[in-house]
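Survey of secondary and tertiary structure
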Amino acid sequence: MLKEDILYELETHRDIPISGQELADRFSVSRNAVWKVMKSLKEEGYSIISTRNKGYVLEGSSDVLSKEGILAALDGEVPGLEVYLFQEVDSTNNEAKRMLASGFAGNALLVAESQTMGRGRRGKSFYSPAGTGLYMSLILQTEELKGPLSMLTIVTACGVLRALQNEAGIDIKVKWVNDLFVGNKKAGGILSEAITDLESGKTEAVVIGIGINVTEAAFPEELKEVATVLHTDIPRNCLIASIVKELYKSNWTDPVAELPFYRANSLVLGQKVWYDEEEVLAEAIDESGGLVICHGDGRREGIRGGNIRLIRNQ
Ligand code: BTN
């Protein structure tokens, strides 16, 4: 507990020194016990500077994922949210679904340092190495959402975009319906899943999975041309907390109200794109979040799924 308590203190006072004596007094332990905790945190990769006069300081750029770091950055704004951190998991969405299947009935945030089977839409995998990305799933109970669940991904995308644009100044856009783009390359995506009770047919909870490439990763060959990262030095704990806070403020009850923002941040609206093997115009996003495309012969079609690809030399 002492280690967690000290880490929480350091995380709430990033870049501000705290003296060993102050920490020792606060937690009723010896200065030597504080020193031992600092030594162990440094060994785990935390950038902690110790100076004789001022004490200990966690550098603003220190980027070790931790539950305490996320809670400190949430700053009490999201009461009742349970936070879980995994060093490695198959998929945070899978883990969230296992939690729900075993009776979990609250709201929770699951974060992983790495995923061995990160999943995207349409059965695709999501590359999830350690140290460079953000892989998180939010479990939300549906009675708190109230709005139509069909627009979950759109509302989520708006929240993620707002958090990254406002907190980190990142020029990030959305490629209908769930892909997050920086420039003309994919930096992340959203995978939202509904958990339905088979007997009542009622959706009891949703799992909102968000994956983002944050800092330079050694992408495998097939991703090198199409994937990118956020290029930010804001620690992942802080990015995660900003996204969660933004999602908690989101307009779930009236998702249509989010559409102007979603359209304004769309990468494809008004552009020629590939739909299956055909070049079409992405003409509009309708009031239910569907994409209206215009075929070469002038025929209009509203699509709800399927894959839109950028025409890269546009
Ligand atoms: C996509 O690219 O189609 C969506 C990618 C979503 C990836 C995130 S990472 C956290 C969560 N766990 C998963 O297995 N997938 C989502």
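This is a predicted model, so every value here is computed, not measured. (Residues numbered from 1 in each chain as written. Predicted model: local features only at pLDDT ≥ 70, side-chain atom pairs only at ≥ 80, totals over all residues. Heavy atoms only, no water.)

Let's talk about the site of the ligand
- Taken together, 20 residues are adjacent to the ligand, and Ser 91, Gln 115, Arg 119, Arg 121 and Lys 186 come closest.
- Arg 119 is positioned with one of its backbone polar atoms (N or O) 2.7 Å from an oxygen atom of the ligand.
- Here an oxygen atom of the ligand sits 2.5 Å away from a polar atom, N or O, in the side chain of Lys 186.
- If the ligand stood free it would expose 410 Å²; the protein chains cover 97% of that surface.
- When atom positions are compared with the pocket grids, the ligand is found to occupy the largest pocket.
- Counting only elements with at least two residues in the shell around the ligand, the list comes to α5 (92-101), β5 (133-141), β8 (185-196) and β9 (203-213). (Near = heavy atom within 4 Å. Polar contact = N/O pair within 3.5 Å; in protein donor to acceptor, adjacent residues only side chain to side chain. Areas by Shrake-Rupley, 256 points an atom, 1.4 Å probe, with all protein chains shown as cover. 1 Å grid on protein atoms, 1.4 Å probe; cavity = no way out; pocket = protein on both sides within 12 Å on 5 of 7 lines; lining within 4 Å. Sits in = over half its atoms within 2 Å of the grid points. Helix = DSSP H or I, 4+ residues; strand = E, 2+ residues; numbered from the N terminus.)

So, the nonpolar core
- Judged by nonpolar contacts, the single largest core of 60 residues is most densely connected at Leu 109, Ile 212, Leu 230 and Ile 243.
- No other element matches the nine residues that helix α6 (residues 152-168) contributes to this core.
- Leaving out residues up to four positions away in the same chain, Leu 230 has contacts with Leu 164, Ile 170, Ile 172, Val 182, Ala 187, Ile 212, Asn 213, Val 214 and Leu 239.
- In this structure, Leu 7, Ala 24, Val 37 and Tyr 56 belong to the second largest nonpolar core, which totals 15 residues. (Core = buried A, V, L, I, M, F, W, Y, C linked by side-chain atoms within 4.5 Å. Buried < 20%, exposed > 50% of the residue type's maximum accessible area, 1.4 Å probe, protein only. Contact = heavy atoms within 4.5 Å.)

A look at the sheet that holds β5
- If you walk across this open sheet you meet the seven strands as β3-β4-β5-β9-β8-β7-β6, and the pairing is mixed. Strands at the two margins of the open sheet, each flanked by one partner only, are β3 (81-89) and β6 (172-175). Recorded for the sheet is a direction-independent mean angle of 20 degrees between the axes of neighbouring strands.
- When β6 meets strand β7 (residues 179-182), the two strands line up antiparallel, connected through four bridges. Each bridged residue has a counterpart across the sheet, and for Val 174 the counterpart in β7 is Leu 180.
- Together, β3 and β4 (107-115) form the strand contacts of helix α4 (residues 67-74), whose direction differs from that of β3 by roughly 145 degrees. (Pairing = 2+ DSSP bridges. Axes fitted to C-alpha atoms, helices over the stretch in contact; angles between N-to-C directions.)

Focus: the sheet that holds strand β14 (residues 308-310)
- Strand order in the open sheet made by the five strands is β13-β12-β11-β10-β14, with antiparallel pairing throughout. Both outer strands of the open sheet, β13 (300-303) and β14, are each paired with one neighbouring strand and no more. Averaged over all pairs of adjacent strands, the angle between their axes in this sheet comes to 45 degrees, without regard to strand direction.
- Bridge analysis of strand β11 (residues 278-285) against strand β12 (residues 291-294) gives four bridges, and the strand direction is antiparallel. The residue of β12 that forms the bridge with Ala 284 is Val 292.

Quick word on the packing of helix α1 (residues 2-12) against helix α3 (residues 31-43)
- Where α1 meets α3, the closest approach of the two axes is 10 Å, and the angle between their N-to-C directions is 75 degrees. As judged from the angle between their axes, α1 and α3 are roughly perpendicular. Between α1 and α3, the contacting residues are Leu 2, Lys 3, Ile 6, Leu 7 and Leu 10 on the first element and Ala 33, Val 34, Val 37, Met 38, Ser 40 and Leu 41 on the second.
- A breakdown of the residues in the contact of α1 with α3 according to their chemical character gives nine nonpolar, one polar and one charged. (Parallel < 35°, antiparallel > 145°, perpendicular 65-115°, else oblique. Nonpolar A, V, L, I, M, F, W, Y, C, P; charged D, E, K, R; others polar.)

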